[in-house]
Amino acid sequence: MATPATGGPQDRPFAIKDCALISIATGRRAQNLREFRDHLLTVDAESIYHHFWGGLLRPQFDDPEYSNDFAVWARHGLHDAVLAERLAVVDPSDFHDLDELRRELVDIIEERLDSMEHVPWAKSGEAIHFIRGQLVILDTHFSAARPEDFIDLMPKLSLGSIYYHFIDARRREPLKTDDFSVWLEGLGPAYDQLRTNIRSVDPYLASLAELRSRLGSLFARHLGGKGA
């Protein structure tokens, strides 16, 4: 079972963190598609990250049909279903870094602009505002002593914990992968298959609750007979 981090000494406990996301205005806004393209070329990469991943920590998606804020704006601000679909299928986890993702977005938008006779505009009040996020890390004072602890613990983790350990962890140098598989790698080859299966979970095309359920199922499937 999970134990307070202040409990008895453990060789390699998994310290469980939680997090909250603070949205910060950048002062940039776009009323039409060309302005949007121009801002994407120069906006801080943290803003691009926020508009792709930050929605996971909001109480609910603005539109569950579209997986990022840019696609939502293309559909409901510009009323461009074609562009919205093209932006919606962009999976940020497929790109090495945010600048590579930025280039892909700019290419999509420029291709769309080239195909149109007129630059689409959003109505007054429907401009897109570029936001960046500030992550606040919270210590839960709990840890898992063994991987088997996650069979019971995973369903109880907050969505903020899932975000911090499975999403935000991928930004950390030098490994750029989730905290669960990094921890398991340090515990030896007995957990290699579980680690491989965790790394195969796409972090983007699911809600945090769905990710928590999938991770819980993996721990239970691989370690259910070892928890006693």
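Further up the page is the structure itself.
These notes cover the structure that comes with them. The structure displayed is predicted, hence computed values, not measured ones.

With respect to the overall build of the protein
- Within the protein, the secondary structure is distributed over 10 helices and 3 strands.
- Element order for the protein, N to C, with α for helix and β for strand: β-β-α-α-α-α-α-β-α-α-α-α-α.
- The principal-axis extent of the C-alpha atoms belonging to the protein is close to 65 × 30 × 30 Å.
- Across the 228 residues that make up the protein, the buried fraction comes to 45%.
- Put simply, of all contacts in the protein between residues at least 6 apart along the chain, 75% involve residues at least 24 apart.
- Counting only carbon and sulfur atoms, one obtains 51% of the accessible surface of the protein, whose full area is about 11700 Å².

As for the packing of aromatic side chains
- Throughout the structure, instances matching the rule amount to 15 aromatic pairs.
- Pairing Phe150 with Phe180 gives two aromatic rings, centres 5.5 Å apart and planes at 90°, and the pair type is edge-to-face. With Phe150 in helix α6 (residues 150-153) and Phe180 in helix α8 (residues 179-185), this residue pair connects regions lying 30 residues apart in the sequence. The pair formed by Phe150 and Phe180 is uniform in burial state, with each residue classed as buried.
- Ring plane angle 80° and centroid distance 5.9 Å describe the contact between Phe150 and Trp183, whose orientation is recorded as edge-to-face. Placement of Phe150 in helix α6 and of Trp183 in helix α8 is noted, with a sequence separation of 33 residues between them. Residue Phe150 shares its accessibility class with Trp183, and that shared class is buried.
- Joined through ring pairs, the aromatic side chains of Phe36, Tyr49, Phe52, Trp53, Phe70, Trp73, Phe130 and Tyr204 make up one cluster.
- Note that Arg170 overlies the ring of Phe166, its terminal NZ or CZ placed 4.5 Å from the centroid.

Side note on a nonpolar patch on the surface
- A surface patch of nonpolar side chains, about 220 Å² in accessible area, is lined by Ile22, Val136 and Leu138.
- Structurally, Leu138 is set in strand β3 (residues 128-144).
- We classify Leu138 as partly exposed; its relative accessible area is 39%.

Concerning helix α9 (residues 192-199)
- When we look at burial in α9, the residues that qualify are Leu194, Arg195, Asn197 and Ile198. Taken around the axis of α9, the buried residues stretch over an arc of 165°, which confines them to a single face.
- Buried residues along α9 sit in contact with α7 (159-167), α8 and α10 (208-223).

Some remarks on the pattern of salt bridges
- Overall, the coordinates contain 13 salt bridges when judged by the stated rule.
- Between Asp139 and Lys17 there is a salt bridge whose closest N-O contact spans 3.8 Å. Taken together, the positions of Asp139 in strand β3 and Lys17 in strand β2 (residues 14-30) put the pair 122 residues apart, joining distant regions of the chain.
- A relative accessible area of 24% places Lys17 in the partly exposed class.
- The salt bridge partner of Asp192 is Arg195, with a shortest N-O separation of 2.7 Å. Here Arg195 and Asp192 lie together in helix α9, a separation of 3 residues that amounts to about one turn.
- Residues participating in the shared-partner salt-bridge network are Glu46, Asp168, Arg171, Arg172 and Asp179.

Quick notes on a negative patch on the surface
- Taken together, Glu104, Asp107, Glu111 and Asp114 make up a surface patch of like negative charges.
- Mapping Asp107 onto the fold places it in helix α5 (residues 98-114).
- Residue classification places Asp107 among the partly exposed residues on the basis of a relative accessible area of 46%.

The rules we used
Residues numbered from 1 in each chain as written. Predicted model: local features only at pLDDT ≥ 70, side-chain atom pairs only at ≥ 80, totals over all residues. Heavy atoms only, no water. Helix = DSSP H or I, 4+ residues; strand = E, 2+ residues; numbered from the N terminus. Buried < 20%, exposed > 50% of the residue type's maximum accessible area, 1.4 Å probe, protein only. Contact = heavy atoms within 4.5 Å. Areas by Shrake-Rupley, 256 points an atom, 1.4 Å probe, with all protein chains shown as cover. Phe/Tyr/Trp six-rings, centres within 6.5 Å; stacked < 30°, edge-to-face > 60°. Lys NZ or Arg CZ within 6 Å of the ring centre and 35° of its normal. Patch = residues over 30% accessible without salt bridge, like charges linked within 9 Å, V, L, I, M, F, W, Y side chains within 5 Å. Salt bridge = Lys/Arg side-chain N within 4 Å of Asp/Glu carboxyl O. Arc of directions from axis to C-beta. Lys, Arg positive; Asp, Glu negative; His and termini not counted. Charge placed at Lys NZ, Arg CZ, Asp CG, Glu CD.

Structural measurements only, silent on function.
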